[in-house]
Amino acid sequence: LLAAPALADWEKTHWGDGVDKVIADVGEGAKPDKGDEDDRVFDKDRLASRDGSYNGINAVWQFFFDGKGGLAVVKVKPRDYADCDPFVAKVKAEQGKLDGPNVKDLGTISFSSWTKADRKANLAVMVVQVSGIASGRQICHITYQPYGSGKPGQEN
């Protein structure tokens, strides 16, 4: 599976679609995947996922739904966080001009984020990379959500 550019909604899906429709539209490898309380993004529940390759990096796509059961956030992250540096580099190259980085240093941890909002495409994108975590691990991902206020992570 190759990464596809996010269009007016997200790939073949539409914001607000239900779980079954998203799984059908995403296609091969998509499956129901209910996360627990720790698997939430912006107060949305993970209810589906798929594995694949994001520009040559083994990755997982996670689909988050609002309280009405509609698709509200798509998160893509590398399967192995050791791939964060190349993953973030490829995401930034694919996305083109991003705002940022917005960097917050919290002691030994550095939180970096880049954003992009496109009202016409109804899309807000946020790239996150956290480094300096104990044992040298990193965390990284990209999230897609409807434009809403134009600020990723804000209620739409």
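Bear in mind the structure is a predicted one, so any value in this text is a computation, not a measurement. (Residues numbered from 1 in each chain as written. Predicted model: local features only at pLDDT ≥ 70, side-chain atom pairs only at ≥ 80, totals over all residues. Heavy atoms only, no water.)

Here we come to the overall build of the chain. Across its full length, the chain carries two helices and nine strands. Secondary structure of the chain in N-to-C order comes out as α-β-β-β-β-β-α-β-β-β-β. The long-range fraction of contacts in the chain, counting pairs at least 24 apart against all pairs at least 6 apart in sequence, stands at 42%. (Helix = DSSP H or I, 4+ residues; strand = E, 2+ residues; numbered from the N terminus. Contact = heavy atoms within 4.5 Å.)

Position of Arg46 among the secondary structure elements: in strand E3 (residues 44–54). At 3.2 Å, the side chain of Arg46 and the side chain of Asp33 are in polar contact. When neighbours within four sequence positions are excluded, Arg46 is seen to be in contact with Asp33, Lys34, Gly35, Asp39, Gln62, Phe63 and Phe64. (Polar contact = N/O pair within 3.5 Å; in protein donor to acceptor, adjacent residues only side chain to side chain.)

On to the environment of Val41, then. With respect to the helices and strands, Val41 occurs in strand E2 (residues 40–41). C-alpha of Val41 to C-alpha of Gln62: the two residues are 21 residues apart in sequence and 10.0 Å apart in space. Among all residues touching Val41, those that are not within four sequence positions of it are Phe64, Val73 and Lys75.

Let's shift gears to the state of the cysteines. With the rule as written, the count across this model stands at one disulfide. The disulfide partner of Cys84 is Cys140, and the gap between their sulfur atoms is 2.2 Å. Residues Cys84 and Cys140 share a disulfide whose torsion about the S-S bond is about -95°; that sign makes it left-handed. With a gap of 56 residues between them, Cys84 in helix H2 (residues 84–95) and Cys140 in strand E9 (residues 139–145) connect regions that are remote in the sequence. The pair formed by Cys84 and Cys140 is uniform in burial state, with each residue classed as buried. (Disulfide = S-S within 2.5 Å. Buried < 20%, exposed > 50% of the residue type's maximum accessible area, 1.4 Å probe, protein only.)

This paragraph deals with the side chain of Arg50. Along the chain, Arg50 turns up in strand E3. Reaching out from Arg50, the side chain makes a polar contact with the side chain of Glu11 at a distance of 3.5 Å.

On to the confidence of the model for the chain. Across the chain, the average pLDDT comes to 86, with 88% of residues at 70 or higher. Mean pLDDT across the elements of the chain ranges from a minimum in E2, with 84, to a maximum in strand E1 (residues 31–32), with 96. Every residue in residues 1–8 scores below 50 in pLDDT, and together they form 20 contacts with partners more than four places removed in sequence or on other chains. (pLDDT = per-residue confidence, 0-100.)

This brings us to the pairing of strand E8 (residues 123–131). By the criterion of burial, E8 is predominantly enclosed, with eight of the nine residues buried. Pairing between strand E7 (residues 109–118) and E8: nine bridges, direction antiparallel. Counted as the bridge partner of Trp114 is Val127 from E8. The hairpin turn running from E7 into E8, its antiparallel successor, is four residues long, and Asn122 in that turn takes a positive phi close to 55°. Alignment of E8 against E9, held across seven bridges, turns out to be antiparallel. (Pairing = 2+ DSSP bridges.)

Its place among the elements puts Lys31 in strand E1. Separated by 11 residues in sequence, Lys31 and Asp20 have C-alpha atoms that sit 9.0 Å apart. Setting aside residues no more than four positions away along its own chain, Lys31 makes contact with Ile23, Leu47, Ala48, Ser49 and Asp51.

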